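# Tertiary structure, described
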Amino acid sequence: MSLRARDVGLICGTLPPGPLNAIADVAGVRVGHRSLHQGDVLTGFTAVLPHEGDLFRDKLRAGCDVINGFGKSAGLVQLAELGQIETPILLGNTFSVGVGIDALVSRALASHPEIGRETGTVNPLVLECNDGFLSDIRARALTEADAFAALDSAAAGPVAEGSVGAGSGMSAFGFKGGIGTASRLMRLGARDFTLGVLVLANFGNAGDLVLPDGRRPVPPAAPPATQERGSVIIVLATDLPLESRQLNRVARRCGAGLARLGAFWGHGSGDIAVAFSTAGRIAHHEAADILPMAMLNESRIDLPFRAATEATQEAVLNAMLAAPAITGRDGHARLSLADALR
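About the criteria used
- Residues numbered from 1 in each chain as written.
- Predicted model: local features only at pLDDT ≥ 70, side-chain atom pairs only at ≥ 80, totals over all residues.
- Heavy atoms only, no water.
- Helix = DSSP H or I, 4+ residues; strand = E, 2+ residues; numbered from the N terminus.
- Rg over C-alpha atoms; globule rule 2.2 N^0.38 Å.
- Buried < 20%, exposed > 50% of the residue type's maximum accessible area, 1.4 Å probe, protein only.
- Pairing = 2+ DSSP bridges.
- Axes fitted to C-alpha atoms, helices over the stretch in contact; angles between N-to-C directions.
- Contact = heavy atoms within 4.5 Å.
- Disulfide = S-S within 2.5 Å.
- Phe/Tyr/Trp six-rings, centres within 6.5 Å; stacked < 30°, edge-to-face > 60°.
- Lys NZ or Arg CZ within 6 Å of the ring centre and 35° of its normal.
- Salt bridge = Lys/Arg side-chain N within 4 Å of Asp/Glu carboxyl O.
- Expected span 1.5 Å × (residues − 1).

### Description of the overall build of the chain
For the chain, the helix and strand inventory stands at 7 helices and 14 strands. Here the chain has a C-alpha radius of gyration of 19 Å; the compact-globule value for 342 residues is 20 Å, and the two agree. By its C-alpha atoms, the chain is 65 × 45 × 35 Å across when sized along the principal axes. For the chain, buried positions account for 58% of its 342 residues.

### Some points on the sheet that holds strand β2 (residues 41–49)
If you trace the 4 strands from one edge of the open sheet to the other, you get β1-β2-β5-β6, paired in mixed fashion. The sheet is open, and its two borders are formed by β1 (30–38) and β6 (125–129), each paired with just one other strand. This sheet shows a mean twist of 15° between the axes of neighbouring strands, independent of strand direction. Bridge count between strand β5 (residues 89–93) and β6: 5 bridges; the pairing is parallel. Note on β6: the bridge partner recorded for Leu90 is Val126. Sitting on the sheet, helix α2 (residues 97–111) touches β2, β5 and β6, and the angle it makes with β6 is about 160°.

### Some words on the state of the cysteines
Put plainly, two cysteines are in a disulfide when a covalent bond ties their sulfur atoms together. Inspection of the entire model under this criterion finds 0 disulfides. Cys64 forms no disulfide, and the closest cysteine sulfur to it belongs to Cys254, at a distance of 12 Å. Residue class for Cys64 comes out buried when judged on its relative accessible area of 12%. The closest cysteine sulfur to the non-disulfide-bonded Cys129 is located on Cys254, 14 Å from its own sulfur.

### Regarding the sheet that holds strand β11 (residues 231–238)
In spatial order, the strands read β4-β3-β12-β11-β10-β9; together these 6 strands make up an open sheet with mixed pairing. Since the sheet does not close on itself, it has two edges, and those belong to β4 (84–85) and β9 (178–188), each with one partner. Taken together, the 8 bridges between strand β10 (residues 191–202) and β11 define a ladder with antiparallel strand orientation. Along β11, the bridge assignment pairs Leu200 with Ile233. Strands β3 (58–69), β10, β11 and β12 (270–283) of the sheet are contacted by helix α4 (residues 244–252), whose axis makes an angle of about 40° with β3. Packed on one face of the sheet, helix α6 (residues 302–322) meets β9, β10 and β11 and runs near 155° to β9.

### Overview of the packing of aromatic side chains
Per the counting criterion, the structure on display carries 1 aromatic pair. With a centroid separation of 5.1 Å and 65° between ring planes, the pair formed by Phe173 and Phe203 is classed as edge-to-face. Highlighted residues: Phe173 in the loop between β7 (171–172) and β8 (175–176) and Phe203 in the loop between β10 and β11, separated in sequence by 30 residues. An identical accessibility class is assigned to Phe173 and Phe203; each is buried. Here Lys59 stacks its cationic end above the ring of Phe56, 4.1 Å away from the centre of that ring. Here the basic side chain of Arg253 rests over the ring of Phe305, its NZ or CZ set 3.8 Å away from the ring centre.

### Here we look at the pattern of salt bridges
Per the counting criterion, the structure on display carries 19 salt bridges. Close ionic contact of Arg4 with Glu161 constitutes a salt bridge, the shortest N to O distance being 2.9 Å. You can see Arg4 sitting in the segment before β1 and its partner Glu161 sitting in the loop between α3 (144–152) and β7, a full 157 residues away along the chain. Taking the relative accessible area as the measure of exposure, Arg4 reaches 13% and is therefore buried.

### Observations concerning α6
Here α6 contains 21 residues, and its C-alpha end-to-end distance of 30 Å stays within 8% of the 30 Å for a straight helix at 1.5 Å per residue. The buried fraction of α6 is high, at 18 of 21 residues.

### Re the pairing of β9
Most of β9 is tucked away: 9 of the 11 residues are buried. Here 11 bridges tie β9 to β10, and the two strands are oriented antiparallel to one another. Directly across from Leu188, in β10, lies its bridge partner Arg191. From the end of β9 to the start of β10, which pair antiparallel, there are 2 residues, and Gly189 there has a positive phi angle of about 60°.

Laid out in structure tokens, this is it:
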């Protein structure tokens, strides 16, 4: 197992984590990676599958928050309008968004001959960060086969972190960034609910990072940053029954977790959070006019707000601690946060 925040005494907040301290603590959620580490190419895809079934036929309620919109993601407009997701979520680099769209559409068409004929089209959800500092992004190395490999490798259980999948070439606060995850348990109505977060961390200026214990590690010889040009994608899952407007609100609190770390969501940063609930499905071919729906009492929403904040903060630290020091394109290098804390 890779190093994580709690292994070095960094505790984010007060709520307890789930058994894996990962987005996979939410029942049914699976994560897969495809990594390309070939010469100057350090990139990949990461796939998040929100439930075990057919997402097109059984959609989930979803929300999103565009904290800062310097990004090229696909599918957010329809997600925001309809409040639901109907494909797995693919994370990649900026120039792989089109490939990710093609892969998700290809999978949907193969499984559903009615798409584009007896029913509408499909809304693929693909999000990105720019890994061009460490990887040759101009090579456009990722293919549909790589996206399929990430989707097909998705599994329950522990989630690989650090320089894997879409996180292979990412940076954070001048250190090596990547994929990280964390979760929180919430007690409501005499039962436990789970909220999990997965991040693609590629943001933050060197010198701005603030650890939960107050330390401010700075990479050695880090050049002064004049502009924030990174990005972060946050995928939040929960089994708490939330409707789409509430999911929008919870997604927004992921930004508080970023702020606790020292981020200020700069002009050149694409900071986006997508949230979904596995508590109840929306049938594509639903025939009823009126549908019942369970949802959280709004006066209790502070608890998932806190959980989203804490899990996001910890997931970013897990990404940075799990990622080893690396040298990439044209000799560009990033130190691991783990090395800086030794």
